[in-house]
Amino acid sequence: MNSLLKIDNLHVSVNGKPILKGVNLEVRQGETHALMGPNGSGKSTLAYALMGHPRYEITDGRIEIDGVDLVALEPDARARLGLFLAFQYPVTIPGVKVADFLRHAVSNVRNPDRKEGEGLIPMREFRKELKARMEALGMDVEFARRYLNDGFSGGEKKRMEILQLAMLRPKFAILDETDSGLDSDAVRVVSEGLARLAGPEMAVVIITHHERLLEFNRPQSTHVMLAGRIVENGDATLAHELHDQGYAGVRTRHPAIAAEETVEKTEEALVAKA
Ligand SMILES: Nc1ncnc2c1ncn2[C@@H]1O[C@H](COP(=O)(O)OP(=O)(O)O)[C@@H](O)[C@H]1O
Ligand SMILES: [Mg+2]
């Protein structure tokens, strides 16, 4: 049976300020979901809370995979249950090559009880798997010899993200693809990579407004966040409409929640002025 990621009444605060105010979301293994919403609505906060980032305090609600509550678990334990944690490690690790990083990450997920220096996947086996995955993704095998994130372009960072996904093969991947910093090479890498990896064993929640990403990876479900809640659910048509028309319609349909957003904006504006 397919696994189920269930987010139930999730409340998250940052620095004591409530940001998520009761998020409900269900994702089955193999599904593609788009999470959309205006800037500041809480999309990245949801991604960080799922990953177990310490700054994002869960004040109420549950995050479950097949009935197991993840809220009290460390990021590593969440990864072992099948959640993809893109930001689990420091951005740049001097002297660590892509291949070494991946060998450790994959060993951590597959051999949960391993101690440092033990239980690594044998080098030959790992190299063979890495090569096969890179070839399947159309990636240059030389990339694995680069130092991790050392001078990576936007596209190369995305290549790293896709390669991690291909090697870790999580049940649930949450990808926060901010639309601003993505150049066209990066968008192509993510669009094509995800399309190649998608299958019955992986679910993806794509946080993006980017048309091309969603065209290549047509979501079965689209969810719209506003002021810390998911206010609408639909299919790929909804993603398309939001891309064309923006969020004015969503705000009109949910005036009370949109008003909370305005209050927050006003507060921010006052702080900015002061
Ligand atoms: N680390 C943080 N420190 C302070 N405020 C934060 C932090 N992360 C998020 N927020 C606040 O939470 C709200 C939601 O932000 P975010 O989740 O980044 O929205 P989105 O990704 O939808 O643009 C914003 O008001 C933002 O200012
Ligand atoms: Mg964001």
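The shown structure was predicted, so the numbers you read here are calculated from the model rather than taken from an experiment.

As a further point, take the overall build of the protein chain. Looking only at helices and strands, one finds 10 helices and 10 strands in the protein chain. Over its C-alpha atoms the protein chain spans a radius of gyration of 19 Å, differing by no more than 12% from the 19 Å that the globule rule assigns to 274 residues. Projected onto its principal axes, the C-alpha coordinates of the protein chain cover approximately 60 × 45 × 35 Å. Burial status across the protein chain gives 46% buried among its 274 residues. Taking as baseline every contact in the protein chain between residues at least 6 positions apart, the subset at least 24 positions apart corresponds to 66%.

With that settled, consider the environment of Ile-162. When you line up the elements, Ile-162 lands in helix α5 (residues 154-168). Note: C-alpha distance between Ile-162 and Glu-201 (39 residues apart in sequence) is 15 Å. Other than its neighbours up to four places away in sequence, Ile-162 contacts Leu-137, Val-189, Val-190, Gly-193, Leu-194 and Leu-197.

Once that is clear, we can look at the sheet that holds strand β2 (residues 17-28). Judged by pairing direction, the sheet is antiparallel, and its 4 strands sit side by side in the order β2-β1-β4-β5 without closing on themselves. Strand pairing shows two members of the sheet lacking a second neighbour, β2 and β5 (68-69), which therefore form its edges. With 8 bridges connecting them, strand β1 (residues 4-14) and strand β4 (residues 56-65) associate as antiparallel partners. In the strand pairing of β4, Leu-5 is matched with Ile-65.

A few words now on unusual backbone geometry. Even without glycine at this site, Arg-169 takes up a positive phi of about 40°. For Arg-169, the position within the fold is in the loop between α5 and β7 (172-176). Since its relative accessible area comes to 43%, Arg-169 is described here as partly exposed. Notably, Ala-227 is not glycine yet its phi reads approximately 45°, a positive angle. Of note, Ala-227 is situated in the loop between β9 (221-226) and β10 (229-234). The buried category is assigned to Ala-227, whose relative accessible area is 4%.

On to the site of ligand 1, then. In the region of ligand 1, 14 residues are neighbours, and Gly-40, Gly-42, Lys-43, Ser-44 and Thr-45 sit closest. Ser-41 is positioned such that a nitrogen or oxygen atom in its backbone is 3.3 Å from an oxygen atom of ligand 1. Within the side chain of Tyr-56, an N or O atom sits 3.2 Å from a nitrogen atom of ligand 1. Protein contacts shield 71% of the accessible area of ligand 1, which totals 550 Å² for the unbound molecule. Elements supplying a minimum of two residues to the shell around ligand 1: β2 and α1 (43-51). With 3 residues, the top contributor of residues to the shell around ligand 1 is α1. Classifying every residue of the shell around ligand 1 by side-chain character gives 4 nonpolar, 6 polar and 4 charged.

Moving on to the pattern of salt bridges. According to the stated counting rule, one finds 17 salt bridges in the structure shown. A salt bridge links Glu-156 to Arg-146, with the nearest nitrogen and oxygen atoms 3.1 Å apart. On the criterion of sequence distance, the pair formed by Glu-156 in helix α5 and Arg-146 in the loop between α4 (123-136) and α5 is long-range, its members being 10 residues apart. Under the relative-accessibility criterion, Glu-156 is labelled buried at 19%. Salt bridges here are not isolated pairs; linked through shared partners, they connect Arg-159, Asp-185, Arg-188, Glu-192 and Arg-212.

Basis of the calculations
- All chains use their own residue numbering, which begins from 1 and follows the written sequence.
- Whichever chain is written first is A, and whichever ligand is written first is 1; the rest continue in order.
- For this predicted model, a pLDDT threshold of at least 70 governs which residues receive local features, and a threshold of 80 or more governs which side-chain atom pairs are given and counted, while totals over whole chains, interfaces and linings are taken from all residues.
- Only hydrogens and water are set aside when side-chain values are computed; all heavy atoms of the structure are taken into account.
- A helix here means a DSSP run of H or I that spans at least four residues, while a strand means a run of E at least two residues long, and both kinds are numbered starting from the N terminus.
- Just to be clear, the radius of gyration here is over C-alpha atoms, and the globule rule we use is 2.2 Å times residues to the power 0.38.
- The cut-offs for exposure are 20% and 50% of the maximum accessible area for each residue type, with area from a 1.4 Å probe on protein chains only; residues under the lower value are buried, those over the upper are exposed, and the others partly exposed.
- Two residues form a contact once any of their heavy atoms are found within 4.5 Å.
- Here the rule is simple: two strands pair whenever DSSP picks up at least two bridges between them.
- Consider each residue's heavy atoms; a residue with any of them within 4 Å of a molecule or strand counts as near.
- Counted as a polar contact is a pair of N or O atoms within 3.5 Å, where, for protein atoms, one must be capable of donating a hydrogen and the other of accepting one, and residues adjacent in sequence contribute only when both atoms are in side chains.
- In this description, accessible areas are obtained by the Shrake-Rupley approach with a 1.4 Å probe, and a residue is regarded as covered only by the protein chains that are shown.
- All amino acids are sorted into three groups, where Ala, Val, Leu, Ile, Met, Phe, Trp, Tyr, Cys and Pro are nonpolar, Asp, Glu, Lys and Arg are charged, and the leftover types, Gly among them, are polar.
- Definition used for salt bridges: Asp or Glu carboxyl oxygen within 4 Å of a side-chain nitrogen of Lys or Arg.

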